[in-house]
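Structural description and commentary
The chain contents come next:
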Amino acid sequence: MSEVTLTINDEKVKAKEGMTILEAAQSVGIDIPTLCHHEKLAPYGACRLCTVEIVRGKRSRLVASCVYTVEDALIVKTESEPVIKIRKMLLELMWARAPGVQVIRDYGIKYGIDRTKFDVEPNFCILCGLCVRYCAEVKKKNAIGFIGRGTEREVMFFPEIANEECPKCGECYSICPTGVLPSNYALARVPHFTWTLTPFWQNLSPRKNIATESNPSTGRNRVKDT
Amino acid sequence: MPRLNSATDLERLRQEILAHRDPNKPCVTICSGTACHAYACEEVAEAFVKEIERNGLQKEVDVRRTGCHGFCERGPLVVIFPEEICYLRVKPEDVPEIASTTLIEKKLVDRLLYVDDSGQRIVREGDIPFYKHQSRLVFGNNRLVDPKRIDDYIALGGYNALAKALFEMTPEQVLDEVKRANLRGRGGGGFPAGIKWETTRNAPGEPKYVIVNADEGDPGVYQDRSMLEGNPHSVLEGLTIGAYAIGSHQGFVYVRQEYPLAVENLNVALEQAREYGFLGANILGSGFDFDVKVHRGAGAFVSGESSALMTAIEGRVGEPRPKYIRTAVSGIWGKPSNLNNVKTWATVPLIINRGAEWFTSIGTEGSKGTMIFSLVGKVNNTGLVEVPMGMTLRELIFDIGGGIPHGKRFKGVQTGGPSGGIIPEKFLDLPIDFNELTKVGSMMGSGGMIVMDETNCMVDTARYFLNFLAGESCGKCLPCREGIYQMLKILNRICAGKGRRGDIELLGEISEVVRDASLCALGQTVPNPVLSTIKYFRDEYEAHIEEKRCPAGVCKALITYYIEQEKCQACMICLRECPVGAITGGKNLIHIIDQDKCTKCGACLEVCPPRFGAVTKLSGMKLPEPVRQGTEVIRNRGGRNE
């Protein structure tokens, strides 16, 4: 495999073709924050905390360094102004979601975030998807997965598979950056796995559809029931 | 029907079909698009069949159920050929009269004709202003073919372009023609189709796939649906030509499960195309093999994004993946996959038939050809319209759309679906063009066009679209998921009258990050409705936050219904109509709304006779003093009391 040379924060870095920017940076000890990256798992590109600025010629772009592969003569800035701005906002958004999670707090310290201007609705899961992907990619069991879409996305153990597989594995516990996965699993298995069971964090912070009824096509607010 | 094995076979078949068709024979066509189905067009069609039988006219008159004609506002539409007599809003009860008057006596049924502003009746479909200003190149055949009969399509020259491509052109020539035509993707991005085709063609890896994106999920948009329902063969022909140019032998149509008629007609079309030899092995005896699979989507808006769509075809959850390597290079199962919108594919046969020069003669510098729009919202003529690029928004909304109903004032038009922006009145003379729309903070998108008038609150509109996207984002990436959640919360509180100073700036701040950091095009365009409304209608946001006033009178928390004491005639109408019994009063007693009970449904305002006009909607002002005890009796006041 051929080698390419790129510049990361004014430092010339040699990297193998096919490597991601994040891997190339890590290889020379440059730290790029990330929540969803794990060396055992395929690049996912979901947390966007690893966003960096790349410059080629006169054009600069913001890309997720965990999925963008290195190119020869590429200039990468991992801590430029637009990058910091994005990370600060993302951390504030996460602070509102999971203020108690250590990894959020650690990055918060690094970027000067110790509070959020948003209303805090504590939840323990940061939806990095490490457990889900570890179970699917490494263990190939799919005992845990995402349910819901958009702002209502959640992680959940699938009872039929989890009942079989999880007692003998439990490897996702240690991969979870929040550390609450084991208790969630323990709670999920108590009443013999029923589909109606909800994870305990859901009870703590219900994220229901927060919109109200309205119809812009008629421009009127109508009462459905009398 | 034996398979066709050459271009000559196809031409012979066409001549045979035409020989059996008398162009002067009356033919009743009934629009059978989804909108007309809702208006009971099927009953109308059945009534015609019955009535024609009853009059013994089976041999003299044909009946044809066609695809959507576009003028959905006035459906069900009935057009009688060869004169093209167009009847609107036809009910089954009208059919005997049409049969006896028009089909037998050759006279017109005046009351079903279109009446223009000057009171003039218009007979021909093409003369109706709604149609007159359009150029229906792609969509026009919809009204001429029965989507379930391939012969109708062939009679109009269908599959001619395919034969031409296969027998007279090399794949390179086809590709070159499409490139020179500068056909830009009609699904949203506006990426040049020819360049995408070339990328897939040159990408290493076999097999290569071609895909029709029919995962149209925007609120108020239905032209892809109508194309697939009304003229599925045109899409299949374009797809096959594209496959030939790219070197693909397997195609997919990703169509929403919620479009049952489209799925049905598409499957019928596929079967007929295979039977005739337009699909399958050795197409038309050319040696080229190609077939198509239909993949029904499970109804996620985000699956319209190319990488999410391809993931869904692979059988997994439709979530986008990073596209630093394009799907044209690495798509379905990591193979080169070329995805285009329904309208893009349907345009291809036209380009092959008439040439790139002809195509580039239509439209603007940067956007060639025509575009189909769903013209909906506060506009008189709701429907599907096809216009050349470069037409101004004003022409589209006022000449074709017939302006705003009830003499209301135009406020803005949302183009490009939920993640498009809202374009204000000052840009009405903007030419419709991919680049121009992007410049003012909106986009062409898939061709949605929602017209809004002065009674639409722009904050509420932004909130509505964000709410849609909150449920339709996949939730994979942080900025999109958490950003939408917080933006929606802020918009909700502004609409509820709890907006805080700084909220507008905060919305802008989140928007920027969501736009720059999100994974896919959905997230990157989410802020458009918010940013464009803040940019053009900032005063409305400020009125909500500072004055707790909703200028359009939409946001429930900020409006109050009030009965003016001097105007109330104690007619009891609103009192009876109020669904929650919030209005007190009685005969000869002024009616009063109990604000604690009122749910702000607006029924009282709607039913109060215009000559009284006693009910008003107040926003941002103090409620006048309630009527004093003892003075609520009405004496000697206009109307019947006098």
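Residues numbered from 1 in each chain as written. Chains lettered and ligands numbered in written order. Predicted model: local features only at pLDDT ≥ 70, side-chain atom pairs only at ≥ 80, totals over all residues.

1. A word on the confidence of the model for chain A
Residues and elements named next belong to chain A. Which entries qualify depends on this criterion: The predictor attaches a confidence to each residue, and that confidence, scored 0 to 100, is pLDDT. For helices the rule is a DSSP run of H or I covering at least 4 residues; for strands it is a run of E covering at least 2, with both sets numbered from the N terminus onward. Once C-beta atoms are placed from the backbone, any two residues with those atoms within 7 Å are in contact.
Here chain A shows a mean pLDDT of 80. Residues at 70 or above account for 80%. Mean pLDDT across the elements of chain A ranges from a minimum in helix α8 (residues 200–204), with 41, to a maximum in strand β5 (residues 75–77), with 95. Predicted confidence is poor over residues 190–226, with pLDDT under 50, and the contacts of this stretch with residues over four places away or in other chains come to 56 contacts.

2. Describing the domain arrangement of chain B
Residues and elements named next belong to chain B. To keep it simple, the criterion reads: Note that the domain bounds were set by an automatic or database domain assignment. Classification convention: Asp, Glu, Lys, Arg as charged; Ala, Val, Leu, Ile, Met, Phe, Trp, Tyr, Cys, Pro as nonpolar; all other residues, Gly among them, as polar.
Segmenting chain B into domains produces domain 1 (24–81 + 85–123), domain 2 (150–360), domain 3 (370–453), domain 4 (458–546) and domain 5 (556–641). Look at where the C-alpha atoms of domain 3 and domain 4 centre, and you get two points 22 Å apart. On the side of domain 4, 15 residues touch domain 3, which itself brings ten residues to the contact. Within the side of domain 3 that touches domain 4, the residues separate by chemical class into four nonpolar, six polar and no charged.

3. Overview of the packing of helix α9 (residues 193–202) of chain B against helix α11 (residues 232–246) of chain B
Residue and element names in this part refer to chain B. The criterion, for reference: Working convention: axes come from line fits to C-alpha atoms, limited for helices to the stretch in contact. Angles between N-to-C directions cover 0 to 180 degrees. The scheme is simple: roughly parallel for angles under 35 degrees, roughly antiparallel for over 145, roughly perpendicular for 65 to 115, oblique for anything else.
Relative orientation of the contacting elements α9 and α11 amounts to 50°, with a least axis distance of 9 Å. Classified by the interaxial angle, the pair formed by α9 and α11 is oblique. In contact with W197, T200 and R201 of α9, α11 contributes G242, A245 and I246.

4. Examining helix α22 (residues 528–536) of chain B
All names here are of chain B. Going by this rule: Counting other C-beta atoms within 10 Å of a residue's C-beta gives its exposure: the residue is buried at 20 or more, exposed at 12 or fewer, and partly exposed in between, where C-beta atoms are placed from the backbone.
Counting buried residues along α22, seven of its nine residues qualify, which places the element largely inside the surrounding structure. Burial in α22 covers these residues: N528, P529, V530, S532, T533, I534 and Y536. In this fold, the buried residues of α22 make contact with β14 (422–424), α18 (458–472), α19 (478–495), α20 (503–517), α21 (521–525) and α23 (538–546).

5. Regarding the nonpolar core
For clarity, the threshold we go by: Each nonpolar core reported here comprises buried Ala, Val, Leu, Ile, Met, Phe, Trp, Tyr and Cys residues connected via C-beta atoms within 7 Å.
Counting 231 residues, the largest nonpolar core has L90, C131 and I144 of chain A together with V178, L396 and L466 of chain B as the members making the most contacts within it. Per-element tally for this core: the top contributor is α19 of chain B, with ten residues. Excluding anything up to four places from it in sequence, L466 of chain B contacts I484, M487, L488, L491, P529 and V530 of chain B. Counting 18 residues, the second-largest nonpolar core is a separate cluster that includes C578, C601, C608 and A614 of chain B.

6. Some points on helix α2 (residues 81–97) of chain A
So the rule is basically this: By this rule, a helix spans an expected 1.5 Å times one less than how many residues it contains.
Taking 1.5 Å of rise per residue, the 17 residues of α2 of chain A would be expected to cover 24 Å, and the 25 Å separating its terminal C-alpha atoms lies within 8% of that figure. Taken together, the buried positions of α2 of chain A are occupied by V83, I86, R87, M89, L90, L91, E92, L93, M94, W95, A96 and R97 of chain A. Those residues of α2 of chain A that are buried lie in contact with β3 (51–56), β5 and α3 (102–110) of chain A together with α19 and α20 of chain B.

7. Here we look at the sheet that holds strand β4 (residues 59–64) of chain A
Residues and elements named next belong to chain A. The test is simple: Paired strands are those between which DSSP finds at least two bridges.
Taken together, five strands build an open sheet; the order of strands is β2-β1-β5-β3-β4 and the sheet is mixed. The open sheet has two edge strands, β2 (11–16) and β4, and neither has a second partner. Neighbour-to-neighbour, the strand axes of the sheet open up by a mean angle of 35°, direction not taken into account. Alignment of strand β1 (residues 3–8) against β2, held across six bridges, turns out to be antiparallel. Looking across to β2, one finds that V4 is bridged to A15. Running at roughly 160° to β3, α2 makes contact with β3, β4 and β5 of the sheet.

8. Some remarks on the interface of chain B and chain A
The partner chain A presents 36 residues to the 44 residues of chain B that form the contact. Going through the elements one at a time, α18, α19 and α20 of chain B are the ones with two or more residues in the side of chain B that touches chain A. Per-element tally for the side of chain B that touches chain A: the top contributor is α19 of chain B, with eleven residues. For the side of chain B that touches chain A, the residue count by class is 21 nonpolar, 13 polar and ten charged.

9. Some details on the environment of A346 of chain B
Residue and element names in this part refer to chain B. Inspection of the secondary structure puts A346 in helix α14 (residues 342–354). Of the residues examined, A346 has 29 C-beta atoms within 10 Å and is grouped as buried. Sequence separation between A346 and Y259 is 87 residues, and the spatial gap between their C-alpha atoms is 18 Å. The contacts of A346, once residues within four sequence positions are left out, are V138, M227, S234, V235 and G238.

10. Observations regarding the sheet that holds strand β1 (residues 27–31) of chain B
Two modes of strand pairing occur in sheets, parallel and antiparallel, and in both the strands are linked by backbone hydrogen bonds. Residues and elements named next belong to chain B. Strand order in the open sheet formed by four strands is β2-β1-β3-β4, with mixed pairing between adjacent strands. Two strands close off the open sheet at either side, each with one partner strand: β2 (62–66) and β4 (85–87). Averaged over all pairs of adjacent strands, the angle between strand axes in this sheet comes to 20°, irrespective of strand direction. Alignment of β1 against strand β3 (residues 78–81), held across four bridges, turns out to be antiparallel. Bridge pairing in β3 links V28 to I80.

11. Remarks on the pairing of β4 of chain A
Residue and element names in this part refer to chain A. Pairing of β3 with β4 involves six bridges; the strand directions are antiparallel. Opposite R56, over in β4, you have R59 as the bridge partner. With antiparallel pairing between neighbouring strands as the criterion, β3 and β4 make up a hairpin whose turn holds two residues, including G57 at a positive phi of roughly 65°.

12. Notes on unusual backbone geometry
Cis geometry marks the peptide bond from F81 of chain B to P82 of chain B; its omega dihedral reads 5°. Looking at where P82 of chain B falls in the secondary structure, it is placed in the loop between β3 and β4. In this chain, E206 of chain B is followed by P207 of chain B through a cis amide linkage whose omega measures -10°. Inspection of the secondary structure puts P207 of chain B in the loop between α9 and β7 (209–214). Located in the positive-phi region is N142 of chain A, a residue other than glycine, with phi close to 55°. Summarising the element assignment, N142 of chain A is placed in the loop between α4 (130–138) and β6 (144–147). Phi at L284 of chain B takes a positive value of approximately 50°, unusual for a residue other than glycine. Assessed through the 23 C-beta atoms surrounding it within 10 Å, L284 of chain B is described here as buried.

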